[in-house]
Structure formats: structure tokens, C-alpha cells
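For reference, the chains in residue letters:
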Amino acid sequence: MNRRKKQSKKETTRERVALITGITGQDGSYLAEFLLQKGYRVFGLMRRSSSFNTARINHLYQDPHDPDPRLQLVYGDLNDASSLNKILRSIRPDEIYNLGAQSHVRVSFDVPEYTAEITGVGTLRLLEAIRDSGIHPKFYQASSSEMFGKVQAIPQNETTPFYPRSPYGVAKVYSYWITVNYRESYNMFACNGILFNHESPRRGETFVSRKITKGAARIKLGIQQELFLGNLESRRDWGFAGDYVEAMWLMLQQEEPEDFVIATGKHYSITDLLDIAFEEVSLNWKDYVRIDSRYYRPAEVDLLVGDSGKARKKLGWEPRISFNDLIRMMVKADLEEEIQKNHGTQGLLGDKPFGGKWVPAYSGAELESVSPFSR
Ligand code: NAP
Ligand code: F7E
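Procedures and definitions
- Residues numbered from 1 in each chain as written.
- Chains lettered and ligands numbered in written order.
- Predicted model: local features only at pLDDT ≥ 70, side-chain atom pairs only at ≥ 80, totals over all residues.
- Axes fitted to C-alpha atoms, helices over the stretch in contact; angles between N-to-C directions.
- Helix = DSSP H or I, 4+ residues; strand = E, 2+ residues; numbered from the N terminus.
- Parallel < 35°, antiparallel > 145°, perpendicular 65-115°, else oblique.
- Left-handed = near helix turned anticlockwise from the far one by under 90°.
- Contact = placed C-beta atoms within 7 Å.
- Nonpolar A, V, L, I, M, F, W, Y, C, P; charged D, E, K, R; others polar.
- Near = placed C-beta within 6 Å.
- Core = buried A, V, L, I, M, F, W, Y, C linked by C-beta atoms within 7 Å.
- Buried ≥ 20, exposed ≤ 12 C-beta atoms within 10 Å, placed from the backbone.
- Pairing = 2+ DSSP bridges.
- Right-handed = clockwise from strand over helix to strand, strands pointing away.

Describing the packing of helix 9 (residues 270–280) against helix 11 (residues 323–343)
Phase 1: Direction vectors running N to C along helix 9 and helix 11 enclose 45°, while the axes themselves pass 9 Å from each other. Classified by the angle their axes make, helix 9 and helix 11 are oblique. Regarding helix 9 and helix 11, the two cross each other, and that crossing is right-handed. Seen from helix 9, the contacting residues are Leu273, Ile276, Ala277 and Glu280; seen from helix 11, they are Asn324, Ile327, Arg328 and Val331.
Phase 2: Of the residues contributing to the contact of helix 9 with helix 11, the split by class is 5 nonpolar, 1 polar and 2 charged.

This is how it looks when you write it as C-alpha cells:
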């Protein structure tokens with residue numbers, strides 16, 4: 001408690017340093033923007049990849065030869081404790097945001113062990129690295145509404161029991177409890193943000209929202225003919241990622257570390273999402289959507305809807321962007337991106353884009369990897 005108070009006092013007088021794991025992901029990119037605007041020096045932990053994985057943060061990139069770069073990327077991996085130790089000792093961050101994860105629920109059934117390693121044990125590695133380094137940063141853990149799984153109450157809040165329905169959900173429950181345990185055992189300022197689904201034009205292309213908005217845009221442009229989806233009945237509480245990263249930061253600015261549910265409190269089905277996305281391109285989704293059972297999960301989460309009353313009251317947080325506006329924004333962004341990518345041509349949103357001649361070597365089914373063993 002005293003240490004925490006002293007820490008907050010110090011923070012007002014010195015430049016704040018943040019470390020983000022998962023900086024190349026959707027949330028990492030929005031959070032990096034947000035913290036840079038607040039004057040933080042931001043370090044991003046990035047894993048080595050044979051192809052570039054920095055598309056979402058290229059606009060923030062600063063030449064490392066710059067005498068005072070505000071954003072710096074460091075190689076590391078949540079699977080590699082020695083890299084985490086080294087990074088923490090050299091950077092000595094004031095705040096750590098653990099957003100890195102194998103974050104795809106369907107894929108977690110294909111790679112359950114890897115998901116447990118990164119999404120679960122990765123959090124423990126980071127917490128241990130904090131202890132080993134002897135620093136006292138505030139710690140944010142990206143917990144998930146998927147932990148509620150087969151929901152035990154509607155809506156879900158901070159006291160709702162967990163019932164995860166996927167290897168991903170189970171791994172997140174581990175990370176949630178190890179974060180609570182380190183808070184209670186070692187007096188760490190460690191918080192869980194239990195975030196419900198949040199999307200944006202930067203959302204990974206195999207999550208259902210982006211798959212649909214991209215599919216609608218590509219179908220409108222004549223690049224794709226069909227869109228293959230799984231279960232259209234499930235319902236989710238979808239918000240805008242840009243709103244949600246602010247909540248992460250607010251949690252770490254409190255006097256005491258606590259866990260918070262972040263959600264809009266409204267839920268919609270996949271068919272609602274389809275209605276809005278295809279209406280934006282003046283098409284009827286029923287003419288294009290096909291069901292592919294490979295996109296079903298072995299165990300589904302039927303309904304998630306959060307009660308973020310605690311965050312609204314204690315953090316003063318609320319979502320700004322509505323579901324309708326979010327999906328329309330994503331479709332518009334995908335139209336622009338596809339036009340740029342496919343011919344750099346503007347103004348081709350007529351009935352027969354590309355003169356109706358361009359034959360795509362691509363079908364919607366390729367958007368999401370599927371396992372031959374999947375049901
Ligand atoms: P995302 O776009 O899938 O980003 C995941 C990030 O983790 C990427 O930067 C990825 O790097 C990185 N990563 C993956 N494996 C790693 C490893 N072994 N070591 C280090 N980094 C690794 O996910 P997101 O939507 O931004 O979500 C951010 C976090 O919030 C995740 O932990 C997710 O599980 C959680 N969450 C998300 C939602 C949501 O609706 N978006 C809701 C609740 C919780 P690459 O770019 O190299 O793949
Ligand atoms: O699926 C159904 C699917 O993959 C949403 C992650 O960010 O949010 C995300 O997990 C729903 C599910 O997100 C397809 O069965 C139908 O019911 O977009 P999703 P998710 O599983 O809710 C939570 C909060 C996280 O923490 C995760 O990291 O849509 N659905 N057809 C489909 N889903 C996908 N992906 N693809 C389909 O074709």
C-alpha cells in the first residue's frame with residue numbers, strides 16, 4: 001500500500017515508461033497510439049516472424065537511430081522467459097500491458113497446448129520476470145469474457161463464476177487467477193480487465209466481425225463470390241477497440257488494483273452483424289452467405305453480455321461508438337483497403353466493378369484456417 005502510494009507520487013514527476021506485449025495486434029496498436037499521445041515512452045515486445053507483422057503499427061514507427069524515439073520495438077516471446085527477464089531489467093517499465101496471446105478461440109481447439117503455453121503460462125512467465133527483476137510496475141492482464149463461457153448469469157459482471165468452453169477460455173482463466181494470486185501474494189499492482197468482444201478496422205481478418213465486413217466489401221467489389229461462416233445464432237456484446245484500450249489505462253491509474261468488466265451491455269447475433277454490413281453495401285447477405293460446419297466450435301459460447309457498471313462508476317469509463325457505427329466503419333475501411341490493394345483504383349463501387357472481368361483466385365473459405373479434424 002505504502003509502496004503503491006509512493007509510486008504514484010513519483011509517476012507525476014518522471015517520464016512514464018510502458019511495455020506492451022502484443023503490440024502488433026489490434027489492441028496493442030490502439031494502446032500504443034493512446035499512450036504515445038499521453039506522453040509515455042512506449043516499448044513493444046514483438047516476436048520474430050519470417051514475414052512482416054508490424055502493419056498495424058507502421059504509422060507509429062520511429063527510426064531507432066532517432067536520438068529520442070518514443071516508440072521502440074524489442075524482440076521477445078511469451079514462450080521465452082529469458083527474453084522477458086532481459087527486457088524488464090533493461091527497460092524497467094512503470095506499466096506493463098500483457099496483451100500478447102494466441103487469441104483465436106476456434107484455433108485454440110487446433111493448438112490447445114500452444115494456447116496454454118502462450119495465453120496461460122506466458123502470463124506467469126511475465127509475472128515471474130517482474131519479481132526477478134526487482135521492479136514494481138503496474139500490471140494489466142488482458143482477461144476475456146470467454147472465461148464466462150457457458151454463462152452462469154446474465155449479464156456477466158466481476159462476480160459471475162467462470163465456465164470456460166475452449167482451450168483459449170481455460171488458458172485465460174489460468175492467467176486471470178495467477179494475476180490475482182500475484183497481487184495477493186506479492187502485493188503487486190496487478191489488474192484484470194475482463195473485456196468483452198471489441199472490434200475495429202484493425203481486427204484480425206478471421207474473427208467473425210472482420211470476416212463479414214471484409215467479405216461484404218469484397219463481394220461488393222466483385223473480388224469474392226461467397227462468404228463461408230459457421231454458427232450464426234451466437235450472440236456477443238461487441239464494442240470498439242479504441243474505446244476499450246482507454247479502460248486498460250484507467251485501471252492502472254487507480255489507487256488500488258482491481259478487476260473490471262468492460263462491455264457495452266448490449267448483445268447482437270451474427271445475423272444482426274450481417275444485416276448491417278451488407279446493408280452498407282446495398283446487398284442482401286442471404287444471397288452470398290454459405291454455412292460451413294468447419295467453422296463451428298466443438299463447444300460454443302451462445303451468449304455473452306457484460307455489465308460494466310463498476311467500470312462506469314469507478315473509472316468513469318463508457319463506450320462511445322455504437323454497434324451500428326462500428327460495423328459501418330469497418331465496412332467502409334475494408335472497401336477502401338480492397339480498392340487500394342486490388343488496383344489502387346478509386347470510385348469503382350458501381351454494379352460491375354473492375355468491368356466485371358477480374359477473376360479472383362480466392363474464396364471466402366480461405367479466410368480462416370480450418371483443421372481437417374474439426375467438426
Ligand atoms: P490479436 O490481434 O490476436 O493480437 C495478439 C498479439 O499477441 C499479437 O501482437 C501477436 O503477435 C501477439 N503474440 C502472439 N503470440 C505471441 C507470443 N508467443 N509472444 C509474444 N506475443 C505474441 O489480439 P487482440 O484482439 O489485440 O487482443 C489483445 C489481447 O486481449 C489478447 O490477449 C486477447 O486474448 C485479449 N482479448 C481480446 C478481446 C477482443 O475482443 N479483441 C477480448 C478480450 C480479451 P503477432 O502479431 O506476431 O501474431
Ligand atoms: O467469434 C461465431 C463463432 O471468432 C464470435 C476473441 O477476440 O472475443 C473473440 O472471441 C462468434 C462465435 O470471436 C464464424 O462461433 C460464426 O460464436 O469473432 P469470433 P470470439 O470467439 O467471441 C473474445 C472476447 C476473446 O477474448 C477472443 O480473443 O461468431 N462465428 N461463423 C464465427 N466465428 C469465426 N471466427 N468465423 C466464422 O466463420
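Back to the write-up after that little detour.
Some words on the site of ligand 1
Phase 1: Every one of the 25 residues lining ligand 1 counts as a neighbour, but Gly22, Gly25, Gly100, Ala101 and Ala142 are closest to it.
Phase 2: For the shell around ligand 1, the elements supplying multiple residues, two or more each, are helix 2 (26–37) and strand 5 (138–144).
Phase 3: The element that contributes the greatest number of residues to the shell around ligand 1 is helix 2, accounting for 3 residues.

Observations regarding the nonpolar core
Phase 1: In terms of nonpolar packing, the biggest core is built from 94 residues, with Ile20, Leu31, Ile262 and Ala277 touching the most fellow members.
Phase 2: Top element by residues in this core is helix 8 (residues 241–252). It accounts for 8 residues.
Phase 3: Ignoring anything within four residues of it in the chain, the contact list for Leu31 reads Ile20, Tyr97, Leu99, Val245 and Met248.

Digging into the pairing of strand 6 (residues 190–195)
Phase 1: For strand 6, the tally of buried residues reaches 6 of 6 residues, placing the bulk of the element in the interior.
Phase 2: Going residue by residue along strand 6, you find Ala190, Asn192 and Ile194 tucked away on one face and Cys191, Gly193 and Leu195 tucked away on the opposite face as well.
Phase 3: As paired strands, strand 5 and strand 6 are joined by 6 bridges and run parallel to one another. Across the sheet, Ser144 pairs through a bridge with Leu195, a residue of strand 6.
Phase 4: Traced from strand 5 through helix 6 (residues 167–186) to strand 6, the parallel crossover comes out right-handed.
Phase 5: Alignment of strand 6 against strand 11 (residues 260–262), held across 3 bridges, turns out to be parallel. Across the sheet, residue Ile194 finds its bridge partner in strand 11, namely Val261.

Some details on the environment of Pro69
Phase 1: Structurally, Pro69 is set in the loop between strand 2 (41–46) and strand 3 (71–75).
Phase 2: Setting aside residues up to four positions removed in sequence, Pro69 forms contacts with Gln62 and Pro64.

By themselves, these observations are geometric and do not establish any function.
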